[in-house]
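# Examination of the molecular architecture
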Amino acid sequence: LSLADTVRRAIDASRDIAIAASETDEAEKLRKATRGGLGPIFRTDANFLVWDAPHTLAVPLPDGLKALVPAGAFPSMSVRDQTPRAFSFSLIQPITPLYNVTQGMALYQAQGRASLARQNTARLDVVFRAEAAFFQTLVATRIAAIAEAAHDLVKAHHARAKSFQEAGLVPTFTAPFFNEF
């Protein structure tokens, strides 16, 4: 496992980095949601009704006017259609809350910068700890290899000394550790 792989795995597995990243995303979403308060508000409203029949009202003409108006000229007046409908559209730009909206946006931007700084700090901390663990593992591996080589060397010297002793070339040792290898 290389140093780059170790660091990459540590970054991918870090909860601190994931939490800081989610805080950064949350702050950005809140800023965008607050920014929506800067724009105008568009509203639509629609009504559509269906009645059994239209409602009309007959207009009675005074007797003196009946002779002057042709027949059927004023049959009735429509009071309500059978399907009345109404549509309305409005575009409103509120001015009063704009200061609060801009202050909220600045707050969420600062929160986003702070959480991004926490994310970068967490990332640097994870990289530092991963590199330290990697190098400590390398040092421990090298120390273990040196200790094993030293043990093998001492064992070989012991075997050679024992063979010299058995051949009568060296006197017998009375040291307690001599026969332990």
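Bear in mind the structure is a predicted one, so any value in this text is a computation, not a measurement.

It is worth spelling out the overall build of the protein at this point. Along the backbone of the protein there are 4 helices and 4 strands. Against the compact-globule benchmark of 16 Å for 181 residues, the protein has a radius of gyration of 47 Å, which places it well outside the compact range. Its C-alpha atoms put the protein at 160 × 40 × 25 Å along the principal axes. Taking all 181 residues of the protein together, 13% fall into the buried category. When contacts within the protein are restricted to residue pairs at least 6 apart in sequence, those whose partners lie at least 24 apart make up 77%. Working note: accessible area of the protein is about 14100 Å², and carbon and sulfur atoms make up 62% of it. Charged side chains of the protein number 19 positive and 17 negative; the gap between the two group centres comes to 4 Å.

Turning our eyes to something else, we now look at the packing of helix H1 (residues 3-13) against helix H4 (residues 98-166). Viewed as axis vectors pointing N to C, H1 and H4 meet at an angle of 135°, and their least axial separation amounts to 9 Å. By the angle between their axes, H1 is oblique relative to H4. At the point where H1 passes H4, the crossing takes the right-handed sense. Here Leu3, Thr6, Val7, Ala10 and Ile11 of H1 lie close against H4, whose contacting residues are Arg123, Val126, Val127, Ala130, Glu131, Phe134 and Phe135. Residue composition of the contact of H1 with H4, by class: 9 nonpolar, 1 polar and 2 charged.

Another aspect to go through is the environment of Ile11. Structurally, Ile11 is set in helix H1. On the basis of relative accessible area, Ile11 is assigned to the buried category, the value being 15%. Once residues within four sequence positions are removed from consideration, Ile11 is found in contact with Ile17, Arg123, Val126 and Val127.

We now examine the side chain of Gln119. Relative to the helices and strands, Gln119 resides in helix H4. A polar contact is formed between the side chain of Gln119 and the side chain of Thr24, at a distance of 3.4 Å. In contact with Gln119, other than residues within four places in its own chain, are Ile17, Ala20, Ala21 and Thr24.

The subject of this paragraph is H1. Taken as a whole, H1 has its buried residues at Thr6, Val7 and Ile11. Looking straight down H1, one finds its buried side chains confined to an arc of 130°; they lie on one side. Pointing more than 90 degrees away from the buried face of H1 are the exposed residues Arg9, Asp12 and Ala13. Residues of H1 that are buried sit in contact with helix H2 (15-35) and H4.

Turning to the packing of aromatic side chains, a few remarks are in order. All told, the structure shown has 2 aromatic pairs when counted by the stated rule. Judged by centre distance (6.5 Å) and plane angle (15°), the ring pair of Phe42 and Phe89 falls under stacked. Here the residue Phe42 occupies a position in strand E1 (residues 41-48), and Phe89 occupies one in strand E4 (residues 85-92), the gap between them amounting to 47 residues. A single burial state applies to Phe42 and to Phe89, both of which are exposed. On the numbers, 5.5 Å between centres and 80° between planes, the contact of Phe134 with Phe135 is edge-to-face.

Quick notes on the rules
- Residues numbered from 1 in each chain as written.
- Predicted model: local features only at pLDDT ≥ 70, side-chain atom pairs only at ≥ 80, totals over all residues.
- Heavy atoms only, no water.
- Helix = DSSP H or I, 4+ residues; strand = E, 2+ residues; numbered from the N terminus.
- Rg over C-alpha atoms; globule rule 2.2 N^0.38 Å.
- Buried < 20%, exposed > 50% of the residue type's maximum accessible area, 1.4 Å probe, protein only.
- Contact = heavy atoms within 4.5 Å.
- Areas by Shrake-Rupley, 256 points an atom, 1.4 Å probe, with all protein chains shown as cover.
- Lys, Arg positive; Asp, Glu negative; His and termini not counted.
- Charge placed at Lys NZ, Arg CZ, Asp CG, Glu CD.
- Axes fitted to C-alpha atoms, helices over the stretch in contact; angles between N-to-C directions.
- Parallel < 35°, antiparallel > 145°, perpendicular 65-115°, else oblique.
- Left-handed = near helix turned anticlockwise from the far one by under 90°.
- Nonpolar A, V, L, I, M, F, W, Y, C, P; charged D, E, K, R; others polar.
- Polar contact = N/O pair within 3.5 Å; in protein donor to acceptor, adjacent residues only side chain to side chain.
- Arc of directions from axis to C-beta.
- Phe/Tyr/Trp six-rings, centres within 6.5 Å; stacked < 30°, edge-to-face > 60°.

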